[in-house]
Amino acid sequence: MYRCVNCGAGMRFDIASQQLHCDYCDASMAVADHPDERVASEEDMFDVTVFCCPQCGGELMSTENAATDFCSYCGASVILEGRIGKEKSPDLVIPFLKTKEECQEIYKKKIHSAIFLPKEFKDPDHIDKIRGIYLPYWVYDVKQQGDVSLTGTRETSKYTEYLKMDCHIDNDYDGVTRDASSAFDDRISDFIAPFNTKSMRPFTPAYLAGFFADISDVSGDVYNESVKNETNKRTEKQIDSQYPGASINYPPDESAAFGTEITSMKSAMFPVWFLSWRRDDRVAYAVINGETGKICTDLPVDKKKYYLGSVLLAIPIFLLLSFLPTIRATTLVTVSSILSVGTMLIYAVNSRTVYRREEHLDDLGYQAKLAEEREGEAGSAPVPVEHAEAKKKVKSDAVKEIVPSVIVTIIALLVRFLIKPVSDIPYYACAIAVLLCSCYVFTVLIKKYNVFATRPLPEFHNRKGGENYE
Amino acid sequence: MNRFFGKSQSKGMGKVVILCLLCLCLFPIGVWGEELYGYTYDPYYENPDTGYTATVFDYEDLLTDEEEEKLAEDMEGITAYGNAAFVSAYPEGYSSREFAENNYSQYFKESGTLFLIDMYNRKIWLYNGGEIEKTITPSYSDSITDNVYSYASDGDYYTCASEAFRQETILLEGGKIAQPMKWISAGLLALILAFLINYLIVRGTSKNKKSKEDVLINAIAVAAAITAGGAIVTSRRRKTRSSSSSSSRGGGGGGGGFSGGGHSF
Ligand SMILES: [Zn+2]
Ligand SMILES: [Zn+2]
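Residues numbered from 1 in each chain as written. Chains lettered and ligands numbered in written order. Predicted model: local features only at pLDDT ≥ 70, side-chain atom pairs only at ≥ 80, totals over all residues. Heavy atoms only, no water.

Here's the deal with empty space enclosed by the protein
- Scanning the entire structure with this criterion turns up three cavities of 30 Å³ or more.
- In this structure, the largest cavity occupies an estimated 70 Å³ of space.
- Taken together, 13 residues line the largest cavity, and the ones lying closest to its centre are A114, F116 and V301 of chain A together with V202 and T205 of chain B.
- The biggest single contributor to the lining of the largest cavity is helix α8 (residues 157–205) of chain B, with three residues. (1 Å grid on protein atoms, 1.4 Å probe; cavity = no way out; pocket = protein on both sides within 12 Å on 5 of 7 lines; lining within 4 Å. Points joined across faces, edges and corners; volume = space filled by probe spheres on them. Helix = DSSP H or I, 4+ residues; strand = E, 2+ residues; numbered from the N terminus.)

Remarks on the packing of helix α8 (residues 329–358) of chain A against helix α11 (residues 425–452) of chain A
All names here are of chain A.
- Between α8 and α11, whose axes approach to 9 Å, the crossing angle comes to 20°. For the element pair α8 / α11, the angle class is roughly parallel. Pair α8 / α11 crosses with left-handed handedness. (Axes fitted to C-alpha atoms, helices over the stretch in contact; angles between N-to-C directions. Parallel < 35°, antiparallel > 145°, perpendicular 65-115°, else oblique. Left-handed = near helix turned anticlockwise from the far one by under 90°.)

A short note on α8 of chain A
- Along its 30 residues, α8 of chain A runs 43 Å from first to last C-alpha, staying within 8% of the 44 Å computed at 1.5 Å per residue.
- Of the residues trailing α8 of chain A, H360 of chain A is marked for its positive phi of about 55°. (Expected span 1.5 Å × (residues − 1).)

A short note on the coordination of the zinc ion (ligand 1)
All names here are of chain A.
- Coordination of the zinc ion (ligand 1) by the protein comes from C4 (SG), C7 (SG), C22 (SG) and C25 (SG), over a distance range of 2.2 to 2.4 Å.
- Note that the zinc ion (ligand 1) binds four donor atoms; their angles at the metal cover 102 to 117°, and the shape is tetrahedral.
- Counting residues between consecutive donors of the zinc ion (ligand 1) along the chain gives the motif C-x2-C-x14-C-x2-C. Taken together, the residues C4 in the segment before β1 (12–14) and C25 in the loop between β2 (19–21) and β3 (28–29) connect sequence positions 21 residues apart. (Donors = N, O, S within 2.8 Å, 3.2 Å for Na, K, Ca; no water. Tetrahedral: all angles 85-135°; square planar, octahedral: opposite > 155°, others 65-115°.)

Examining the domain arrangement of chain A
Residues and elements named next belong to chain A.
- The domains assigned to chain A are domain 1 (131–300) and domain 2 (303–452).
- Each of domain 1 and domain 2 was reduced to a C-alpha centroid, and the two centroids are 35 Å apart.
- Listed as interface residues are 14 residues of domain 1 and, on the opposing side, 14 residues of domain 2.
- In this assembly, domain 1 packs against domain 2 so that about 1200 Å² is buried in total across both faces, 51% of it on carbon and sulfur atoms.
- When the area that domain 1 buries against domain 2 is broken down by residue, the three leading residues are S182, V222 and R282, summing to 38%. (Domains from an automatic or database assignment. Contact = heavy atoms within 4.5 Å. Buried area = accessible area lost by both parts, 1.4 Å probe.)

Structural notes on the nonpolar core
- Counting residues in each nonpolar core, the largest one holds 75 residues, and the members touching the most others are Y306 of chain A together with L71, F86, F115 and I117 of chain B.
- Those residues in contact with Y306 of chain A that lie beyond four places of it in its chain are F116, V301, F442 and I446 of chain A together with F195, N198, Y199 and V202 of chain B.
- Among the nonpolar cores identified, the runner-up in size contains 43 residues, and Y2, Y107, A206 and I295 of chain A belong to it. (Core = buried A, V, L, I, M, F, W, Y, C linked by side-chain atoms within 4.5 Å. Buried < 20%, exposed > 50% of the residue type's maximum accessible area, 1.4 Å probe, protein only.)

A look at the environment of R187 of chain A
All names here are of chain A.
- Along the chain, R187 falls in helix α4 (residues 186–192).
- Sequence separation between R187 and L364 is 177 residues; the distance between their C-alpha atoms is 10.0 Å.
- Apart from residues no more than four positions distant in its own chain, R187 is found in contact with R357 and R455.

Remarks on a negative patch on the surface
- A surface patch of negative charge is lined by D61, D65, E66, E69, E73 and E76 of chain B.
- Checked against the element boundaries, D65 of chain B lands in helix α4 (residues 65–75). (Patch = residues over 30% accessible without salt bridge, like charges linked within 9 Å, V, L, I, M, F, W, Y side chains within 5 Å. Areas by Shrake-Rupley, 256 points an atom, 1.4 Å probe, with all protein chains shown as cover. Salt bridge = Lys/Arg side-chain N within 4 Å of Asp/Glu carboxyl O. Lys, Arg positive; Asp, Glu negative; His and termini not counted. Charge placed at Lys NZ, Arg CZ, Asp CG, Glu CD.)

Side note on the interface of chain B and chain A
- Taken together, the contact pairs 64 residues of chain B with 85 residues of chain A.
- Both faces considered, chain B and chain A share a buried interface measuring about 6900 Å² in area, 66% of it formed by carbon and sulfur atoms.
- Summed over the shared surface of chain B and chain A, the number is three salt bridges.
- For the interface between chain B and chain A, the tally reads 29 residue pairs in polar contact (both at pLDDT 80 or more).
- No other element matches α8 of chain B, which puts 29 residues into the side of chain B that touches chain A. (Polar contact = N/O pair within 3.5 Å; in protein donor to acceptor, adjacent residues only side chain to side chain.)

Written as structure tokens, this is what we have:
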């Protein structure tokens, strides 16, 4: 803890002035001027209090030891259990640039247009729980050097030309980043990216004063291939721009062709503002990049609000439909069937996304942690494992939820295009049946959407994080 | 037209006479009155509850006497909703539509349906008015004539007309039940559309956007030095020219303002 030289109270890092500030005597001081700073910056370990949530096992560290009364991961209002420890200092840090108030405004603006949001999202008490947290990241420097020989084609008005191109590549990409916490979904880091790695500075615990930090628990090697691929793709684009009009065939092993190598890998802390909301066993996060203000929010829907809003909107649509020249029963069956098929397609796409997300199939950091736990090996990039059970459940749910609708729609289409009864009654009956099925699919869809827009409660009990405290 | 309908003997219904007198009083132009009400006919069947009639005017003699009787029976169901008439004619110089329209206005001031087999234009035509028209809209008339014209092509005029009246009866009788079903399905359709629109709104407003590529690349320090040699053309292949096909569009719009549908046979 950084004590005030005037009064001895704890100082915090003030974002607006980018200095250490004492709230008791209003003293300010540049980070480098603090007497403790010279000592701290020379050590590669620093003192922390690690707070652990008794509900989800999530851990946050802080340089303060004041108790905190809610958990940012699971949204629980509990006193977190603190214990003193030592943590390895990361190499680099980007200090907070956006203040709490600025980020609350960004958040309010983002949720403003979400009309079906549960009302707690707009509650000032809830918004006040937004918490500044440093997230651990890996920062990579990548070098590419080598001569490449490429082939490609170019289309002119008369000919298809076959090309041969030779280039010499000498590229440096400094500051490619990946998040180093398995608790933090890779997807969120994609959405709040980028952090401007040019504004990184050497780490000192002074920047943590008044904030929390998440614990680094994903080995940097996990992302090697993904980092190399990212730079290879960028190089592809540069080469493309050198040969306008040509479509170039790139070799399958680009890293070998371009001579891509990771020359350095450093640990860093990047700032985010973090807000979590909880209902039953789901949580929703709002995460704001503390440097740029870029926001990523989970916005679930209040089902009651959604249904009420839909009924209200249905009234003018109904009036509009009755003003139209009479719709024939046969047309109604066709339109209903098209809507039904559309609804089912949305359902299918959503189902797949939810499944991939709940199983973390696209989260390299999470998969690495999982593989490590399973085999006790760390390092190489993991292959996502699909659980047969989870897959089976998705399928059986789908069967229950949309097969009736599929059958009814097929029957309606058969009646409409094959049986073609004279009377309108069978057509209306078909249309009503199809539309009722669609209503049902929509209720399921909204449930699915809420799963899609939220996350399962985190479970960190088996998380190994923080190897360094005693 | 008179050629066909002038033969019928006058046995005016009470209502018609009263209305006729009323009209004559209101409109001193006698000719108009005579045009409209001068020709009366002998209905095959008169519905005791509604007073609507079923009549067969087989001027082209397409049906046997027996078939005429049977057809009139087939039309009885319709008289619960309006007048029904079968007409076969050879209206030289007229279109089926004009002919059907003129005859209709001569016979029915109220709800009615007229099925015409036009031997001059080789067309069948269904013309509706009043209450019946509310249920059997022009598009239904089209589908009914679509359904039955093949019988006329085969020369089976009785089945052609009988089937048309049968389908009309089904539509009319179903109309009462279909009406509330129609509103229910329209309501549900509106609800589904509202669900869909709201869902799209939700998806639209909740979307998190990733930063653009140039913002991402700006965030990292890039020192790119690509020395690109010229592209050497190693070979070329002449393109095969694909012929462009032109499609012609046919068809045209239908007319409005009257209520009927027909089909040639
Ligand atoms: Zn002080
Ligand atoms: Zn927790």
